[in-house]
2 protein chains.
Amino acid sequence: MLDGIIISIDVMGGDDAPDIVIDGCEHFLTHEGQSRRARFLLHGDENAIKSLLKKAPQTRDRSEIVHTDSAIEMDAKPSQALRRGKGTSMWNAIASVKSGEARVGISAGNTGALMAMSKLQLRMKAGVQRPAIAGIWPRNGSQCIVLDIGANIDCDETQLTEFAVLGEAYFRALYGKTEPSVGLLNVGTEDLKGNAVVKAAHERFQAMDFGLNYQGYVEGNDISVGTIDVIVTDGFTGNIALKTAEGTGRLVGGFVKDALDGNILGKLAKIINARAFSALKAKIDPRNFNGGAFLGLNGIVVKSHGGTDKIGFANALNVAMRLAESNFNTEIENTLARLHDAELEIETAAEV
Amino acid sequence: MLDGIIISIDVMGGDDAPDIVIDGCEHFLTHEGQSRRARFLLHGDENAIKSLLKKAPQTRDRSEIVHTDSAIEMDAKPSQALRRGKGTSMWNAIASVKSGEARVGISAGNTGALMAMSKLQLRMKAGVQRPAIAGIWPRNGSQCIVLDIGANIDCDETQLTEFAVLGEAYFRALYGKTEPSVGLLNVGTEDLKGNAVVKAAHERFQAMDFGLNYQGYVEGNDISVGTIDVIVTDGFTGNIALKTAEGTGRLVGGFVKDALDGNILGKLAKIINARAFSALKAKIDPRNFNGGAFLGLNGIVVKSHGGTDKIGFANALNVAMRLAESNFNTEIENTLARLHDAELEIETAAEV
């Protein structure tokens, strides 16, 4: 039996699994995870894993393999995955969280399947309608989080309220800030702006007193250059915002590369200033912000990008580890209880 | 009376009006507009304009001033603007388009007021429910356009279809491409992804034959790094995508600046490679993409960003001039007629 903080890993999930998963574990243990108490439950093909562990001694020493022959295809529909998914590496990785054997689960596999299986096995926390996926967003010298980034396409104001609760507890767990600020993504900052759902959520946030540090509306540009810690939106808008930012980052990154590689002077400039340019590269490298947490379940599951490499997977492991080290679940339950009390108060006031 | 292509200008609209407006006219005439037949109708305070024209000889030679004492406040609500707006510089700038005196109108003033006044005076084209605002989006070596970027918060599939028609005619007018490709912004590219409105629009685009070069769904990252010319979305999502990209561009631009200015080596690198870096700066400068066209009205109105400077205003003038030089209005009417025929065909088929 492993001791320490146990992370349950779907070794077979991801475009380049199992290789990048084991390499990612090793990278994590030799970098960010070096002096921490991480232990791994490796779900997947035993022979393949054993062969990879030969080049990953740290991981080998801290892991236990749970063999399974089957894995979920990257393009399987969630419904197919639920029907045929039992016993796959992804299913088993979640099952270890459910049984309490592991503190957190992680997969770089099919997002829809992972969400469907997580909901089925772990179930929603009392007071949560549907789980959300929270993404970490780079800023200058800090990060903010945005949720939902794709699990819920159509949302009502009750869901947006739950996202606020889940997101601010997540931010506290990741960064240890006591009262993270919360904003609602909108097309303007005046009260009269926005669609009906956003306006209704804004009214709820202002009316209800459950300890939320709500700062009002934020606009798209505030995500990257603003000061709000937790940005709440529906999964349609959040997904498009996230991917738009990725595309813009890639475009501008390409322009910078062109400026540096296009001529001999650029190459010279790059050599002279190599250190600053490598720091710049790290700041806009999407691998450094990999790891989306599924929030609102009875158990923690982290989704790594399917196309990432070992560095990206190691970063998602770091997110999983931070959640496992925190008292994230208790925090969420406390805030949900406060939210429930505030809702009761409003209902009672309405009846009187 | 002026001859040439007449642009009607709200000189008093914008955070730094009237100065940046007149400076922008002069910048346009001495750069992009140099050998073109642009003439200006300058609506605003005659004394202020005359004083500014002393330092803008090209503009003075090609302009006529239409005096008015009043202007729309930058923070006026659209309803207030409609009630009290008659006779303001913004109102008069649109009136000159309505009367046929000017081919196109332009303002850097209050967006909501400009849209409300444009709708009231110019009216929607037959077959268009509500006008859209189209934005120009930078890419590597080209541009795409995105609409709606904020005029219509809640949209149905009929509106998204109209946006496609308006957008592709706009793209043809701006860039002279005969069959620009059209995509629908969504959270994935599979048929089953998206909300109900997006799915319904996707079905319409596939079923109806009105000459649209429809290429299916596109994701957020495809806006900046994809190949689709015209990207259709509702005004809520489009506005958030646009501002998110602006924020990301500013963040990454700041990282690049830090890398170059942070130390002596960076400064040296910048001097060595000055030319490439100045090209890079131009590529991500939002002023170079300023100018949102109001599409779907009986007349062309272009909105410049309110906080821009003379270079940004000159770019918006260039967008206005390109539209004025094209047969944009006829193109839109032709495509709307084809759309109407395709709709009739579907209705008739349904009745049989």
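So, a few notes on the structure that sits alongside this text.

About the cut-offs
- Residues numbered from 1 in each chain as written.
- Chains lettered and ligands numbered in written order.
- Predicted model: local features only at pLDDT ≥ 70, side-chain atom pairs only at ≥ 80, totals over all residues.
- Heavy atoms only, no water.
- Phe/Tyr/Trp six-rings, centres within 6.5 Å; stacked < 30°, edge-to-face > 60°.
- Helix = DSSP H or I, 4+ residues; strand = E, 2+ residues; numbered from the N terminus.
- Buried < 20%, exposed > 50% of the residue type's maximum accessible area, 1.4 Å probe, protein only.
- Contact = heavy atoms within 4.5 Å.
- Buried area = accessible area lost by both parts, 1.4 Å probe.
- Salt bridge = Lys/Arg side-chain N within 4 Å of Asp/Glu carboxyl O.
- Least-squares fit on C-alpha atoms with pLDDT ≥ 70 in both.

## Concerning the packing of aromatic side chains
Turning to step 1, where the next piece is worked out: By the definition in use, this model includes 6 aromatic pairs over all chains.
Turning to step 2, where the next piece is worked out: Centre to centre, the rings of Tyr170 of chain A and Phe328 of chain A are 6.1 Å apart; their planes meet at 65°, and the pair counts as edge-to-face. Of this pair, Tyr170 of chain A sits in helix H7 (residues 157–175) while Phe328 of chain A sits in helix H14 (residues 328–351), and the two are 158 residues apart along the sequence. The two residues Tyr170 of chain A and Phe328 of chain A agree in class, both being buried.
Turning to step 3, where the next piece is worked out: Judged by centre distance (4.8 Å) and plane angle (70°), the ring pair of Phe205 of chain B and Tyr214 of chain B falls under edge-to-face.
Turning to step 4, where the next piece is worked out: Take Tyr214 of chain B: its relative accessible area is 15%, and that puts it in the buried class.

## Examining the interface of chain B and chain A
Turning to step 1, where the next piece is worked out: In this complex, chain B contributes 53 residues to the contact, which on the side of chain A involves 53 residues.
Turning to step 2, where the next piece is worked out: For the pair chain B and chain A, the summed buried surface comes to about 4,500 Å²; carbon and sulfur atoms form 73% of the total.
Turning to step 3, where the next piece is worked out: It is Val187, Phe236 and Phe255 of chain B that lose the most area in chain B upon contact with chain A, and together they represent 14% of the buried surface on that side.
Turning to step 4, where the next piece is worked out: Taken together, the connections running from chain B to chain A amount to 2 salt bridges.
Turning to step 5, where the next piece is worked out: For Glu219 of chain B, the salt bridge identified is with Lys243 of chain A, shortest N-O distance 2.3 Å.

## Topic: the relation of the copies chain B and chain A
Turning to step 1, where the next piece is worked out: Once chain B is rotated about the relating axis by 180° and shifted along it by 0.0 Å, it coincides with chain A to within an RMSD of 0.0 Å. Expressed as an axis order, the relation between the two copies is that of a two-fold axis. In terms of proximity to the rotation axis, the leading residue of chain B is Ala269 of chain B, whose C-alpha is 2.0 Å off the axis.
Turning to step 2, where the next piece is worked out: By residue overlap, the copies meet face to face through one surface: 100% of the interface positions of chain B are interface positions in chain A.

## Description of unusual backbone geometry
Residue and element names in this part refer to chain A.
Turning to step 1, where the next piece is worked out: Following Leu147, the chain continues into Asp148 via a peptide bond in cis, with omega recorded as 0°.
Turning to step 2, where the next piece is worked out: Looking at the secondary structure, you find Asp148 in the loop between strand S6 (143–147) and H7.
Turning to step 3, where the next piece is worked out: Although it is not a glycine, Arg123 sits at a positive phi angle of roughly 65°.
Turning to step 4, where the next piece is worked out: Checked against the element boundaries, Arg123 lands in the loop between helix H6 (111–122) and strand S5 (132–138).

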